[in-house]
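A closer look at the structure
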Amino acid sequence: MALHRGRGFASINYPIGMNLGGDPSQALVHSNPDGKFTVALSSIDLGQGMKSVTRQIAAETLGIPVGDVYVDTADSDTGPHCMGSFASRGTHRVGNAVIQAAQEARAVMLEAAAEELEVDASDLVTDGRGNIHVKGAPSRTITTMAACQAAQFKQGKTVSGRGIFLIPLSEVDPETGEMTPVSCFAHAALIVEIEVDDETGEVAVLDMQSAYEVGRALNPKLVEQQLIGGAWMGMSHALWETTEPYYPDRSHGPVDFNHYLMPGPGDLAPHHISVLERPAPDGPFGGKGPGEMCANPVLPAVANAVYDAVGVRIDDLPITPEKILRGIRAMGGARPKMRLGRMHQPGTR
Amino acid sequence: MPKKPVTFTLNGSERAAFADDGQNLLEFLRRGVGDLSPKFGCGQGGCGACTVIIDGQTHLACLTLAEAVQGRRVETASGLATGTLHPLQEAFMEHFAAQCGYCTPGMLMSAKVLLDHNPSPSREEVIEAIAGNLCRCTGYEPIIDAILAAANATRRSA
Amino acid sequence: MIEFRKEFFADERDDNLNEIGKPTRRQDILGHVTGRSPYFDDHLFEGLLHIRCVRSPHHHARIRRIDVSAAENMPGVMRVLTARDVPLNLNTLLSLLDFGLDDEPLLSDVKVAYKGEPVAAIIAETEAQARAAVAKVKVDWEVLPHVLDVEDAIKPGAPVVCNVYPGNKFIYHGKFDHQKLRYGDVEEAFARADHIVEGRYQMSPIEQAPMETCGAIAAPEVNDRFVCYTSTQGLFFSLGTAAKLLTMPSSRLHFIGGTVGGGFGGKVDSMHEPLAILGAMLTGRPCKYAWDREEEMQVGAPRGAERWYIKDGVMRDGRIVARKFTGYFDSGAYTRLSSYAIIKGVGHLPGPYTIPNVHADVFCVYTNRTPATAMRGFGITGVDFSIEVHMDKVAEAVGINPIDLRILNSYRDGDMKAHRRLAKNCALIECCQVVADKANVELSAASRASASMRDGGGERARLPSRTATDQNGSVSGYRASNYGKKGAGAPQPPSPPPAHSVPPGPAYRPPQPQSAPVQPHAPAPAVPPAAETPRHGALRFSSLSGFRRR
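Summarised in this report is the structure supplied together with it. (Residues numbered from 1 in each chain as written. Chains lettered and ligands numbered in written order. Predicted model: local features only at pLDDT ≥ 70, side-chain atom pairs only at ≥ 80, totals over all residues.)

1. Concerning the sheet that holds strand β7 (residues 137–143) of chain A
Residue and element names in this part refer to chain A. Let me state the cut-off plainly: Only strands that DSSP links by at least two bridges are regarded as paired with each other. In this text, helices come from DSSP runs of H or I with a minimum length of four residues, and strands from runs of E with a minimum of two, each type numbered from the N-terminal end. Convention adopted: a line fitted to C-alpha atoms gives each axis, helices being fitted over their contacting stretch, and angles between N-to-C directions are expressed from 0 to 180 degrees.
One open sheet accounts for three strands, arranged β5-β6-β7; its pairing is antiparallel. Edge positions in the sheet fall to β5 (124–126) and β7, since each has one partner strand and no second. Along the sheet, successive strands turn relative to each other by an average axial angle of 35°, direction set aside. In the sheet, strand β6 (residues 131–134) pairs with β7 via four bridges, with the strands oriented antiparallel. Its bridge partner being in β7, H133 is matched across the sheet by T141.

So, in structure tokens, the structure goes:
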């Protein structure tokens with residue numbers, strides 16, 4: 001009885017935004033009396049960071065510090081329509097809507113500043129720290145707060161903007177499947193190293209080396225959150241999770257977390273991530289959406305690693321110890337392949 | 001329905017409220033007392049989202065009878081900050097140790113009890129301490145890092 | 001353990017922005033660490049009532065009678081809801097996109113098609129009282145034969161799971177019982193390939209398992225409106241669904257959400273909001289309807305099972321010249337979102353590779369299990385598992401390093417894809433190279449020299465000179481719906497007047513065939529009864545795509 005190491009590889013791409021388009025999102029942006037801005041959405045933050053990423057997008061576009069922006073979501077009385085948080089559409093679609101709304105509000109803010117400074121609005125720039133000044137003449141300046149207050153309380157203007165982003169719904173040819181599914185793709189490649197116990201059939205994930213191409217990383221820490229958590233979920237899908245362990249038989253369905261299994265904090269593998277950023281031409285500042293795709297390469301990579309380690313092809317998810325042991329038994333013993341070499345020497349993790 | 005008076009300390013304040021017969025501590029704290037920081041995740045003792053501290057030890061509020069806290073000291077995530085944020089809260093913020101945030105209050109309670117008893121935990125001890133708190137978003141790594149960082153910060157300021 | 005490889009695609013980015021690209025703390029993090037982030041259940045209401053559903057213990061059964069009298073007399077019970085209380089008790093989630101036929105009741109009264117299907121709802125003062133009353137509802141069941149395997153379900157004579165789709169298959173574009181992809185001629189290419197590699201892959205259902213279970217609280221608001229606090233992933237999706245089922249102008253609904261304890265795709269289905277609002281309408285009190293963890297795992301729609309067959313034609317040097325897919329999405333008893341995922345999945349085939357001949361038939365199949373719905377990677381995760389395990393087998397068959405095989409076949413900027421659009425913004429090759437380098441896997445010189453921006457287009461941009469098409473799986477009697485509609489043949493006939501007008505008031509019963517006998521699988525040309533199912537156009541909440549029902 002022995003432990004067998006193996007490595008498996010997979011590479012994937014992932015469509016961003018709702019298939020075929022037709023999924024609008026809207027945003028409203030306005031200045032409060034104190035010159036801070038509120039972004040009103042009806043988009044949902046499930047933890048993926050919708051509030052945070054749209055806040056940065058709004059701040060960048062308005063030319064003000066991120067602390068001057070608050071994203072309010074989701075109230076159907078005040079937030080304009082959004083299709084929802086799914087299909088990796090949040091950053092891409094809502095982000096673009098926020099840009100449009102913030103651009104409109106910014107234009108009013110600059111007009112107001114221009115009136116106060118008695119210059120042409122096209123000569124004004126924002127410094128991103130709460131100031132507006134004349135291009136090339138930093139001393140001719142006004143704060144964004146003063147500009148917004150002048151607009152609202154002196155000039156009689158609302159500093160506000162409306163935004164919507166819609167890729168029109170496209171069609172599918174029933175005979176050939178010709179279609180325009182999405183506008184951009186994210187990418188990933190991943191090698192996983194595992195160890196299989198040929199006595200128990202248990203798999204331990206030892207290490208993951210990955211590269212994810214996510215468009216521009218609008219907030220690198222939010223991207224990191226998705227990639228680490230998503231790869232964990234991929235590992236979990238590969239080796240642990242199902243509501244029907246003997247699908248299509250419906251028996252033995254889990255009803256609690258003692259039976260619905262997921263890896264805990266003691267089952268983690270070091271994950272070495274490289275992020276590549278090829279901006280999406282139509283994404284907000286080039287952003288795509290890393291949240292969904294990050295789990296996908298892990299599932300096949302683990303299956304391929306199990307084959308590499310013990311020579312058993314498990315084509316049915318999840319890859320349970322039972323399936324591995326049955327496979328090993330059917331072959332009369334483990335048959336390591338070792339096609340990708342070894343990352344770690346045993347005992348040198 | 002019969003009601004029982006329960007007098008206890010919640011995050012340092014004396015509290016009294018009536019508990020329904022057989023009511024669990026989670027429902028009692030949330031709907032009876034109005035402390036919404038412990039979360040319902042499973043009601044089966046399987047996820048740790050409802051973790052609270054009773055007399056210095058972690059307990060699952062969903063499996064604890066409300067009346068069992070009579071005369072005892074209960075702490076929840078809503079009382080963790082006392083004027084300033086607790087080092088664990090600072091560390092969770094700094095290390096991006098929450099996404100949806102639903103497991104966070106329970107996770108913080110488990111981490112607090114660990115650090116209260118063991119100011120210099122090893123990584124393995126942190127893992128052991130939060131093994132009963134499930135998180136579906138983060139992959140745990142940032143949470144472990146945050147708890148270790150909070151321990152470091154506490155030691156430095158001590 | 002994360003690095004940002006800024007040297008890649010650097011000339012396509014401006015990395016000197018003020019806020020974009022900065023590791024700014026999350027806006028919501030202070031709320032999270034202080035326990036103050038307001039999830040749907042973190043709103044207190046005086047006099048809150050609790051809803052629990054009576055559920056089918058059978059995979060498939062006809063409902064002869066539901067007796068709620070004992071339950072109504074249980075302590076704390078305020079009201080028992082059954083199908084007759086639901087103003088418009090038939091819906092399909094994607095009717096908001098005008099995609100698919102209404103197929104699923106909110107509360108079933110004719111038959112049930114999965115274990116756990118709700119047939120009545122108890123509204124009681126406490127959750128414990130609601131649970132106790134659920135146990136007192138007596139349902140007279142006539143158990144029907146059931147089918148659980150996707151390939152069994154589409155065989156002639158299989159039990160009909162959902163009467164709206166008597167062949168147990170969703171109908172695409174009003175034309176076919178599956179979604180096709182045809183690009184070039186795979187059979188011709190298989191004949192000249194050096195190797196044929198075949199595989200069968202299966203993904204079992206997977207639970208989204210958000211730490212917060214799905215739920216909603218609804219309460220009467222001022223001015224004859226209702227407020228609904230919800231864990232939904234799509235605020236207006238749920239609002240529109242509730243407005244439709246309750247035959248209520250959407251302006252009378254006030255939905256509040258946006259702070260959700262994880263979703264992962266499982267909080268799109270909008271099962272809770274309509275029932276919670278209905279409870280509030282009928283009792284005049286705040287009502288909470290939320291799943292417990294057991295329901296979340298077994299009644300809440302999972303990531304559905306998928307079965308894929310893949311056949312590749314491969315040349316000795318590793319070039320894949322043909323790839324054929326047959327896919328079965330297990331939609332469970334109703335459609336929910338599986339039909340959508342299939343079009344998304346088909347648009348994704350054959351994965352991130354340039355293959356000159358591709359063929360796919362993908363079926364959305366109804367079985368007697370919990371309906372499936374979205375989850376992280378929806379429509380893609382299952383087939384990517386299949387493709388990438390298959391790629392490993394191809395690599396072994398031709399004796400090539402698995403990473404070299406990927407790079408050799410990778411799509412590049414300017415390549416024609418199987419859905420007949422040019423690839424752009426590609427980066428698969430670079431991801432493969434970075435990983436190989438990090439993991440010390442030696443690549444071929446050709447792989448090392450490859451780039452997404454090189455060697456694409458040209459010949460590789462050409463559409464196939466000939467594409468083999470067919471009419472297999474044709475159906476008649478269905479109309480194309482808007483989502484993805486194309487080539488639906490003759491101009492659409494004017495909509496027939498609805499066979500059943502929708503009366504106002506709460507007593508509406510959905511049209512259902514009188515019985516659900518085990519029907520022989522009707523060969524395609526027969527006009528199925530589903531064609532007569534009225535589409536409740538008057539109630540379409542059409543803000544989602546801007547498409548109105550004709």
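What follows picks up the thread again.
2. What to know about the environment of R479(C)
Mapped onto the fold, R479(C) is located in the segment after α13 (445–449). Placed 379 residues apart in sequence, R479(C) and G100(C) show a C-alpha to C-alpha distance of 9.6 Å.

3. Quick look at the pairing of strand β4 (residues 57–60) of chain B
Residue and element names in this part refer to chain B. As paired elements, strand β3 (residues 51–54) and β4 share four bridges and run antiparallel to each other. Bridge pairing in β4 places T51 opposite L60. If you look at the hairpin formed by β3 and β4, you'll find two residues sitting between the two strands, and D55 has a positive phi there, around 50°.

4. Remarks on the sheet that holds strand β12 (residues 253–256) of chain C
Residues and elements named next belong to chain C. Operational definition: Note on contacts: each residue gets a C-beta atom placed from the backbone, and two residues are in contact if those atoms are within 7 Å.
The sheet built from seven strands is open, its strands ordered β4-β6-β2-β13-β10-β11-β12 with mixed pairing. Single-partner strands in this sheet number two, and they are β4 (77–81) and β12. Geometrically, the sheet is characterised by an average inter-axis angle of 25° between neighbouring strands, direction not taken into account. Here three bridges tie strand β2 (residues 49–55) to strand β13 (residues 287–290), and the two strands are oriented parallel to one another. Paired with H50 across the two strands is K288, which belongs to β13. In the packing of helix α6 (residues 235–245) onto the sheet, the strands contacted are β11 (225–230) and β12, and the crossing angle to β12 comes to about 150°.

5. Some points on the nonpolar core
Let me state the cut-off plainly: A set of buried Ala, Val, Leu, Ile, Met, Phe, Trp, Tyr and Cys residues, joined through C-beta atoms within 7 Å, is what we mean by a nonpolar core. Comment: burial labels come from other C-beta atoms within 10 Å of the residue's own C-beta, placed from the backbone, where a count of 20 or more is buried, 12 or fewer is exposed, and between is partly exposed.
Counting 333 residues, the largest nonpolar core has V302(A), V306(A), I122(C), A218(C) and A276(C) as the members making the most contacts within it. Top contributing element to this core by residue count: helix α2 (residues 90–117) of chain A, with twelve residues. The contacts of V302(A), once residues within four sequence positions are left out, are G8(A), V192(A), I194(A), M235(A), A238(A), L239(A) and I319(A).

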